[in-house]
Amino acid sequence: MLSERRLQVLRAIVQDYVGTEEPVGSKALTERHNLGVSPATVRNDMAALEDEGFIAQPHTSAGRIPTDKGYRLFVDKLAGVKPMTAPERRAIQNFLDGAVDLDDVVARTVRLLAQLTRQVAVVQYPSLTRSTVRHVELLSLAPARVMLVLITDTGRVEQRMIDCPAPFGEASLADLRARLNSRVAGRRFTDVPRLVEDLPEGFDVEDRGTVATVLSTLLETLVEENEERLMIGGTANLTRFGHDFPLTIRPVLEALEEQVVLLKLLGEAGDSGMTVRIGHENAYEGLNSTSVVSVGYGSGGEAVAKLGVVGPTRMDYPGTMGAVRAVARYVGQILAES
(Lines give C-alpha, C1' and ligand atoms only; values in the text may rest on other atoms or scores of the structure.)
Protein backbone atom coordinates (compact mmCIF):
# COMPACT_ATOMS: atom_id res chain seq x y z
CA MET A 1 0.00 0.00 0.00
CA LEU A 2 1.18 3.55 -0.74
CA SER A 3 1.78 5.88 2.18
CA GLU A 4 -0.63 8.75 2.73
CA ARG A 5 1.98 11.23 1.51
CA ARG A 6 2.60 9.36 -1.74
CA LEU A 7 -1.15 9.23 -2.32
CA GLN A 8 -1.20 13.03 -1.89
CA VAL A 9 1.66 13.37 -4.38
CA LEU A 10 -0.20 11.17 -6.89
CA ARG A 11 -3.37 13.20 -6.42
CA ALA A 12 -1.42 16.43 -7.06
CA ILE A 13 0.18 14.95 -10.21
CA VAL A 14 -3.20 13.89 -11.61
CA GLN A 15 -4.83 17.24 -10.81
CA ASP A 16 -1.97 19.25 -12.32
CA TYR A 17 -1.68 17.11 -15.46
CA VAL A 18 -5.43 17.21 -16.09
CA GLY A 19 -5.44 20.98 -15.52
CA THR A 20 -2.30 21.99 -17.44
CA GLU A 21 -1.87 19.18 -20.03
CA GLU A 22 1.87 19.37 -19.18
CA PRO A 23 3.97 16.61 -17.57
CA VAL A 24 4.48 17.47 -13.90
CA GLY A 25 7.85 18.00 -12.17
CA SER A 26 8.70 17.89 -8.45
CA LYS A 27 9.52 21.62 -8.30
CA ALA A 28 6.12 22.60 -9.73
CA LEU A 29 4.37 20.22 -7.32
CA THR A 30 6.00 21.72 -4.22
CA GLU A 31 5.22 25.24 -5.45
CA ARG A 32 1.56 24.55 -6.31
CA HIS A 33 0.57 22.18 -3.51
CA ASN A 34 1.04 22.38 0.22
CA LEU A 35 2.71 18.98 0.54
CA GLY A 36 4.76 20.00 3.59
CA VAL A 37 8.00 18.39 2.34
CA SER A 38 11.05 19.40 0.29
CA PRO A 39 11.35 19.00 -3.50
CA ALA A 40 13.94 16.26 -2.87
CA THR A 41 11.42 14.24 -0.83
CA VAL A 42 8.79 14.75 -3.53
CA ARG A 43 11.34 13.52 -6.11
CA ASN A 44 11.87 10.35 -4.05
CA ASP A 45 8.10 9.85 -3.78
CA MET A 46 7.73 10.31 -7.54
CA ALA A 47 10.50 7.76 -8.16
CA ALA A 48 8.65 5.27 -5.95
CA LEU A 49 5.33 5.97 -7.73
CA GLU A 50 7.08 5.45 -11.07
CA ASP A 51 8.65 2.15 -9.90
CA GLU A 52 5.17 0.90 -8.95
CA GLY A 53 3.68 1.91 -12.30
CA PHE A 54 1.41 4.76 -11.12
CA ILE A 55 3.21 7.46 -13.13
CA ALA A 56 5.48 7.41 -16.17
CA GLN A 57 7.94 9.67 -17.96
CA PRO A 58 7.01 10.67 -21.51
CA HIS A 59 10.16 10.23 -23.58
CA THR A 60 10.88 13.92 -24.14
CA SER A 61 10.02 15.42 -20.78
CA ALA A 62 11.55 15.79 -17.35
CA GLY A 63 8.07 15.69 -15.80
CA ARG A 64 5.78 12.74 -15.12
CA ILE A 65 2.24 11.85 -16.18
CA PRO A 66 -0.25 9.40 -14.62
CA THR A 67 -0.63 5.91 -16.10
CA ASP A 68 -3.94 4.01 -16.36
CA LYS A 69 -2.99 2.40 -13.03
CA GLY A 70 -2.40 5.84 -11.50
CA TYR A 71 -5.76 7.16 -12.71
CA ARG A 72 -7.46 4.00 -11.39
CA LEU A 73 -6.03 4.56 -7.90
CA PHE A 74 -7.00 8.24 -8.11
CA VAL A 75 -10.61 7.36 -9.02
CA ASP A 76 -10.93 4.57 -6.44
CA LYS A 77 -9.23 6.22 -3.49
CA LEU A 78 -8.66 9.93 -4.03
CA ALA A 79 -11.37 11.43 -6.22
CA GLY A 80 -14.67 12.30 -4.66
CA VAL A 81 -17.61 13.00 -6.97
CA LYS A 82 -17.71 16.77 -7.44
CA PRO A 83 -21.29 17.96 -6.75
CA MET A 84 -22.95 20.29 -9.23
CA THR A 85 -23.55 23.86 -8.06
CA ALA A 86 -27.13 25.04 -7.48
CA PRO A 87 -27.14 27.15 -10.71
CA GLU A 88 -25.79 24.14 -12.68
CA ARG A 89 -28.50 21.90 -11.23
CA ARG A 90 -31.20 24.45 -12.11
CA ALA A 91 -29.83 24.74 -15.65
CA ILE A 92 -29.95 20.94 -16.06
CA GLN A 93 -33.50 20.77 -14.76
CA ASN A 94 -34.75 23.67 -16.92
CA PHE A 95 -33.15 22.24 -20.06
CA LEU A 96 -34.56 18.73 -19.55
CA ASP A 97 -37.98 19.93 -18.36
CA GLY A 98 -38.64 21.36 -21.83
CA ALA A 99 -38.63 17.88 -23.41
CA VAL A 100 -41.88 16.92 -25.15
CA ASP A 101 -41.42 13.13 -25.48
CA LEU A 102 -38.92 10.33 -24.90
CA ASP A 103 -36.91 11.00 -28.10
CA ASP A 104 -36.62 14.63 -27.04
CA VAL A 105 -35.53 13.62 -23.51
CA VAL A 106 -32.76 11.41 -24.95
CA ALA A 107 -31.67 14.06 -27.50
CA ARG A 108 -31.54 16.79 -24.85
CA THR A 109 -29.66 14.51 -22.44
CA VAL A 110 -26.99 13.82 -25.06
CA ARG A 111 -26.57 17.53 -25.84
CA LEU A 112 -26.47 18.45 -22.17
CA LEU A 113 -23.90 15.81 -21.19
CA ALA A 114 -21.65 16.72 -24.12
CA GLN A 115 -21.81 20.42 -23.15
CA LEU A 116 -21.28 19.88 -19.42
CA THR A 117 -18.32 17.51 -19.77
CA ARG A 118 -17.00 18.67 -23.18
CA GLN A 119 -16.64 15.02 -24.13
CA VAL A 120 -18.58 12.47 -26.19
CA ALA A 121 -21.97 11.70 -24.63
CA VAL A 122 -23.72 8.35 -25.08
CA VAL A 123 -27.30 7.73 -23.94
CA GLN A 124 -29.04 4.36 -24.19
CA TYR A 125 -32.80 4.41 -24.76
CA PRO A 126 -34.74 2.78 -21.91
CA SER A 127 -34.52 -0.95 -22.45
CA LEU A 128 -37.92 -2.47 -22.92
CA THR A 129 -36.90 -5.80 -21.42
CA ARG A 130 -37.00 -3.91 -18.14
CA SER A 131 -39.98 -1.73 -19.10
CA THR A 132 -43.56 -2.26 -18.07
CA VAL A 133 -46.84 -1.62 -19.90
CA ARG A 134 -48.60 1.47 -18.62
CA HIS A 135 -51.67 1.19 -20.86
CA VAL A 136 -52.91 -0.32 -24.11
CA GLU A 137 -55.45 1.77 -26.03
CA LEU A 138 -57.60 0.36 -28.86
CA LEU A 139 -59.39 2.79 -31.19
CA SER A 140 -61.89 1.90 -33.90
CA LEU A 141 -61.03 3.58 -37.22
CA ALA A 142 -63.48 1.59 -39.39
CA PRO A 143 -65.66 -1.51 -38.83
CA ALA A 144 -62.69 -3.83 -39.48
CA ARG A 145 -59.76 -1.48 -38.77
CA VAL A 146 -58.31 -0.76 -35.33
CA MET A 147 -55.44 1.38 -34.05
CA LEU A 148 -53.40 -0.09 -31.19
CA VAL A 149 -51.50 2.38 -28.96
CA LEU A 150 -48.95 0.96 -26.50
CA ILE A 151 -47.77 3.27 -23.71
CA THR A 152 -44.80 2.20 -21.54
CA ASP A 153 -43.76 3.27 -18.04
CA THR A 154 -40.80 5.17 -19.54
CA GLY A 155 -43.05 7.36 -21.66
CA ARG A 156 -42.57 5.53 -24.93
CA VAL A 157 -45.64 5.50 -27.20
CA GLU A 158 -45.99 3.02 -30.08
CA GLN A 159 -48.87 2.98 -32.59
CA ARG A 160 -49.87 0.19 -34.96
CA MET A 161 -52.72 -0.12 -37.50
CA ILE A 162 -54.54 -3.47 -37.52
CA ASP A 163 -56.74 -4.83 -40.30
CA CYS A 164 -59.16 -7.22 -38.58
CA PRO A 165 -60.42 -10.43 -40.25
CA ALA A 166 -64.03 -9.37 -39.56
CA PRO A 167 -65.96 -6.27 -38.41
CA PHE A 168 -65.51 -5.64 -34.66
CA GLY A 169 -68.10 -3.53 -32.79
CA GLU A 170 -67.41 -0.74 -30.29
CA ALA A 171 -68.78 -2.82 -27.38
CA SER A 172 -66.50 -5.75 -28.23
CA LEU A 173 -63.53 -3.39 -28.60
CA ALA A 174 -64.23 -1.80 -25.19
CA ASP A 175 -64.50 -5.28 -23.67
CA LEU A 176 -61.15 -6.35 -25.21
CA ARG A 177 -59.48 -3.10 -24.08
CA ALA A 178 -60.68 -3.60 -20.49
CA ARG A 179 -59.69 -7.28 -20.31
CA LEU A 180 -56.33 -6.65 -21.94
CA ASN A 181 -55.38 -3.82 -19.57
CA SER A 182 -56.54 -5.76 -16.52
CA ARG A 183 -53.95 -8.41 -17.44
CA VAL A 184 -50.99 -6.42 -18.75
CA ALA A 185 -51.06 -2.94 -17.16
CA GLY A 186 -48.11 -2.59 -14.80
CA ARG A 187 -46.56 -5.86 -15.98
CA ARG A 188 -43.15 -6.33 -17.61
CA PHE A 189 -42.97 -6.78 -21.37
CA THR A 190 -41.39 -10.18 -20.91
CA ASP A 191 -44.45 -11.37 -18.93
CA VAL A 192 -47.07 -10.23 -21.46
CA PRO A 193 -47.12 -13.27 -23.84
CA ARG A 194 -47.88 -15.65 -20.97
CA LEU A 195 -50.56 -13.32 -19.55
CA VAL A 196 -52.59 -13.01 -22.77
CA GLU A 197 -52.24 -16.45 -24.39
CA ASP A 198 -55.74 -17.68 -23.36
CA LEU A 199 -57.51 -14.32 -23.79
CA PRO A 200 -59.25 -15.15 -27.13
CA GLU A 201 -61.05 -18.10 -25.52
CA GLY A 202 -63.14 -15.72 -23.39
CA PHE A 203 -64.73 -14.11 -26.50
CA ASP A 204 -67.48 -15.24 -28.86
CA VAL A 205 -66.28 -17.58 -31.60
CA GLU A 206 -66.82 -14.99 -34.36
CA ASP A 207 -64.63 -12.43 -32.49
CA ARG A 208 -61.74 -14.71 -31.62
CA GLY A 209 -59.92 -14.17 -34.94
CA THR A 210 -59.88 -10.41 -34.39
CA VAL A 211 -58.79 -10.74 -30.74
CA ALA A 212 -55.93 -13.06 -31.83
CA THR A 213 -54.90 -10.56 -34.55
CA VAL A 214 -54.82 -7.68 -32.04
CA LEU A 215 -52.77 -9.75 -29.58
CA SER A 216 -50.25 -10.88 -32.20
CA THR A 217 -49.76 -7.21 -33.23
CA LEU A 218 -49.21 -6.26 -29.60
CA LEU A 219 -46.64 -9.03 -29.11
CA GLU A 220 -44.83 -8.09 -32.34
CA THR A 221 -44.65 -4.50 -31.11
CA LEU A 222 -43.09 -5.62 -27.84
CA VAL A 223 -40.46 -7.68 -29.68
CA GLU A 224 -39.65 -4.91 -32.18
CA GLU A 225 -39.20 -2.42 -29.38
CA ASN A 226 -36.73 -4.67 -27.63
CA GLU A 227 -33.93 -3.50 -29.92
CA GLU A 228 -31.28 -1.66 -27.94
CA ARG A 229 -30.93 1.90 -29.22
CA LEU A 230 -28.37 4.58 -28.52
CA MET A 231 -27.92 8.25 -29.19
CA ILE A 232 -24.46 9.79 -29.33
CA GLY A 233 -23.37 13.43 -29.40
CA GLY A 234 -20.38 15.70 -28.97
CA THR A 235 -17.98 13.64 -31.10
CA ALA A 236 -16.40 16.89 -32.29
CA ASN A 237 -15.25 17.48 -28.70
CA LEU A 238 -12.59 14.79 -29.25
CA THR A 239 -10.77 17.00 -31.74
CA ARG A 240 -9.83 19.29 -28.84
CA PHE A 241 -7.87 16.41 -27.32
CA GLY A 242 -5.82 15.42 -30.39
CA HIS A 243 -2.55 15.20 -28.43
CA ASP A 244 -4.18 12.88 -25.86
CA PHE A 245 -4.49 10.11 -28.44
CA PRO A 246 -1.02 8.69 -29.05
CA LEU A 247 -1.21 7.89 -32.75
CA THR A 248 -4.48 9.10 -34.22
CA ILE A 249 -8.03 9.78 -33.24
CA ARG A 250 -9.36 7.45 -35.95
CA PRO A 251 -9.60 4.21 -33.87
CA VAL A 252 -11.66 6.11 -31.28
CA LEU A 253 -14.04 7.48 -33.92
CA GLU A 254 -14.38 4.02 -35.50
CA ALA A 255 -15.20 2.48 -32.12
CA LEU A 256 -17.84 5.15 -31.48
CA GLU A 257 -19.59 4.10 -34.69
CA GLU A 258 -19.99 0.54 -33.41
CA GLN A 259 -23.26 0.38 -31.49
CA VAL A 260 -22.41 -3.05 -30.04
CA VAL A 261 -19.11 -1.74 -28.70
CA LEU A 262 -20.82 1.23 -27.05
CA LEU A 263 -23.50 -0.93 -25.44
CA LYS A 264 -20.79 -3.17 -23.98
CA LEU A 265 -18.89 -0.11 -22.78
CA LEU A 266 -21.87 1.28 -20.92
CA GLY A 267 -22.32 -2.09 -19.26
CA GLU A 268 -25.44 -3.88 -18.07
CA ALA A 269 -28.29 -1.42 -17.56
CA GLY A 270 -29.51 -3.33 -14.51
CA ASP A 271 -26.29 -2.34 -12.75
CA SER A 272 -27.18 1.24 -11.84
CA GLY A 273 -23.97 2.18 -9.99
CA MET A 274 -21.30 4.51 -11.34
CA THR A 275 -18.74 2.70 -13.52
CA VAL A 276 -15.40 4.21 -14.57
CA ARG A 277 -13.36 2.26 -17.13
CA ILE A 278 -9.89 3.65 -17.72
CA GLY A 279 -7.64 3.14 -20.74
CA HIS A 280 -6.72 -0.53 -21.19
CA GLU A 281 -9.63 -1.62 -18.96
CA ASN A 282 -11.74 -1.04 -22.09
CA ALA A 283 -11.77 -4.36 -23.90
CA TYR A 284 -12.05 -2.70 -27.32
CA GLU A 285 -8.57 -1.86 -28.59
CA GLY A 286 -9.61 1.36 -30.32
CA LEU A 287 -10.64 2.80 -26.95
CA ASN A 288 -7.44 1.99 -25.03
CA SER A 289 -6.58 5.69 -24.86
CA THR A 290 -10.01 6.70 -23.52
CA SER A 291 -11.95 6.54 -20.27
CA VAL A 292 -15.67 5.82 -20.01
CA VAL A 293 -17.81 7.09 -17.13
CA SER A 294 -21.31 5.62 -17.04
CA VAL A 295 -24.25 5.23 -14.67
CA GLY A 296 -27.73 3.72 -14.80
CA TYR A 297 -30.87 5.87 -14.94
CA GLY A 298 -34.51 5.01 -14.47
CA SER A 299 -37.69 5.66 -12.56
CA GLY A 300 -38.66 4.19 -9.21
CA GLY A 301 -35.13 3.28 -8.17
CA GLU A 302 -34.58 0.70 -10.94
CA ALA A 303 -32.21 1.42 -13.82
CA VAL A 304 -33.81 0.95 -17.25
CA ALA A 305 -30.77 2.10 -19.26
CA LYS A 306 -27.31 3.64 -19.03
CA LEU A 307 -25.83 6.99 -19.97
CA GLY A 308 -22.26 8.19 -19.88
CA VAL A 309 -19.35 9.93 -21.55
CA VAL A 310 -16.24 8.88 -23.44
CA GLY A 311 -13.12 11.05 -23.31
CA PRO A 312 -9.34 10.90 -23.00
CA THR A 313 -7.83 9.25 -19.91
CA ARG A 314 -6.61 12.75 -18.99
CA MET A 315 -10.08 13.55 -17.70
CA ASP A 316 -11.48 15.65 -14.86
CA TYR A 317 -12.86 12.54 -13.14
CA PRO A 318 -14.56 14.23 -10.13
CA GLY A 319 -16.31 16.79 -12.37
CA THR A 320 -17.26 14.24 -15.04
CA MET A 321 -18.61 11.78 -12.47
CA GLY A 322 -20.62 14.57 -10.83
CA ALA A 323 -22.14 15.71 -14.15
CA VAL A 324 -23.01 12.17 -15.27
CA ARG A 325 -24.62 11.34 -11.92
CA ALA A 326 -26.62 14.60 -11.77
CA VAL A 327 -27.96 14.26 -15.33
CA ALA A 328 -28.92 10.61 -14.72
CA ARG A 329 -30.85 11.62 -11.61
CA TYR A 330 -32.85 14.30 -13.45
CA VAL A 331 -33.60 12.02 -16.40
CA GLY A 332 -34.88 9.42 -13.92
CA GLN A 333 -37.17 12.04 -12.33
CA ILE A 334 -38.58 13.02 -15.72
CA LEU A 335 -39.31 9.38 -16.60
CA ALA A 336 -41.01 8.88 -13.23
CA GLU A 337 -43.23 11.94 -13.80
CA SER A 338 -43.98 11.33 -17.48
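Labelled according to an unreviewed UniProt entry, the chain appears under the name Heat-inducible transcription repressor HrcA, originating from Streptomyces aquilus. Listed under Sequence similarities (unreviewed entry) in UniProt, the entry text for the chain is "Belongs to the HrcA family." UniProt annotates the chain under Function (unreviewed entry) with the comment "Negative regulator of class I heat shock genes (grpE-dnaK-dnaJ and groELS operons). Prevents heat-shock induction of these operons."

Colleague: It is not clear to me how a positive patch on the surface should be interpreted in this structure. Could you clarify?
Modeller: Together, Arg89, Arg90, Arg325 and Arg329 make up a region of like positive charge exposed at the surface. Looking at the positive patch, the elements that each hand over two or more residues are helix 5 (86–97) and helix 12 (317–337). Checked against the element boundaries, arginine 89 lands in helix 5. For arginine 89, a relative accessible area of 37% puts it in the partly exposed group.

Colleague: Would you mind showing me how to read the domain arrangement of the chain here?
Modeller: For an interface, size is often stated in terms of accessible area lost upon the parts coming together. Entries for the chain in the domain assignment read domain 1 (2–75), domain 2 (84–125 + 227–335) and domain 3 (127–223). For domain 1 and domain 2, the distance between their C-alpha centres works out to 28 Å. Contacts between the two partners involve eight residues from domain 1, matched on the other side by 16 residues from domain 2. When domain 1 packs against domain 2, the two sides together hide about 990 Å² of surface, and 60% of this comes from carbon and sulfur. Summed over the three residues of domain 1 that lose the most area to domain 2, namely Asp68, Arg72 and Val75, the buried surface amounts to 48% of that side. Applying the counting rule to domain 1 against domain 2 returns two salt bridges. Linking arginine 314 and glutamate 21 is a salt bridge whose minimum nitrogen-to-oxygen distance equals 3.8 Å. At the boundary of domain 1 and domain 2, one finds four residue pairs in polar contact (both at pLDDT 80 or more). If you list the elements that add at least two residues to the side of domain 1 that touches domain 2, you get helix 1 (4–20) and helix 4 (68–78). In terms of residues, the side of domain 1 that touches domain 2 owes the most to one element, helix 4, which gives five residues.

Colleague: Explain helix 4 here, please?
Modeller: Residues that lie three or four places apart on an α-helix share one face, since the helix turns once every 3.6 residues. Inspection of helix 4 places Gly70, Tyr71, Arg72, Leu73, Phe74, Val75 and Leu78 among the buried residues, and these make up the whole buried set. Tucked into the core, helix 4 has its buried residues touching helix 1, strand 2 (65–66), strand 8 (275–278) and helix 12.

Colleague: Would you take a moment to explain the pairing of strand 5 (residues 145–152) for this structure?
Modeller: The buried count for strand 5 comes to six of eight residues, which makes it a mostly enclosed element. In terms of strand pairing, strand 4 (residues 133–142) meets strand 5 through eight bridges, oriented antiparallel. Across the sheet, the residue bridging to leucine 138 is leucine 148, located in strand 5. Adjacent in sequence and paired antiparallel, strand 4 and strand 5 are bridged by two residues. As defined by bridge partners, strand 5 adjoins strand 6 (residues 157–163) across seven bridges and the pair is classed as antiparallel. What sits directly across from valine 149, in strand 6, is glutamine 159. Taking the residues that link successive antiparallel strands as the turn, the strand 5-strand 6 hairpin has four residues, and the phi of glycine 155 there is positive, at about 90 degrees.

Reading guide: rules and limits
- Residues numbered from 1 in each chain as written.
- Predicted model: local features only at pLDDT ≥ 70, side-chain atom pairs only at ≥ 80, totals over all residues.
- Heavy atoms only, no water.
- UniProt positions renumbered as here; feature names shortened; annotations may be inferred.
- Patch = residues over 30% accessible without salt bridge, like charges linked within 9 Å, V, L, I, M, F, W, Y side chains within 5 Å.
- Areas by Shrake-Rupley, 256 points an atom, 1.4 Å probe, with all protein chains shown as cover.
- Salt bridge = Lys/Arg side-chain N within 4 Å of Asp/Glu carboxyl O.
- Lys, Arg positive; Asp, Glu negative; His and termini not counted.
- Charge placed at Lys NZ, Arg CZ, Asp CG, Glu CD.
- Helix = DSSP H or I, 4+ residues; strand = E, 2+ residues; numbered from the N terminus.
- Buried < 20%, exposed > 50% of the residue type's maximum accessible area, 1.4 Å probe, protein only.
- Domains from an automatic or database assignment.
- Contact = heavy atoms within 4.5 Å.
- Buried area = accessible area lost by both parts, 1.4 Å probe.
- Polar contact = N/O pair within 3.5 Å; in protein donor to acceptor, adjacent residues only side chain to side chain.
- Pairing = 2+ DSSP bridges.

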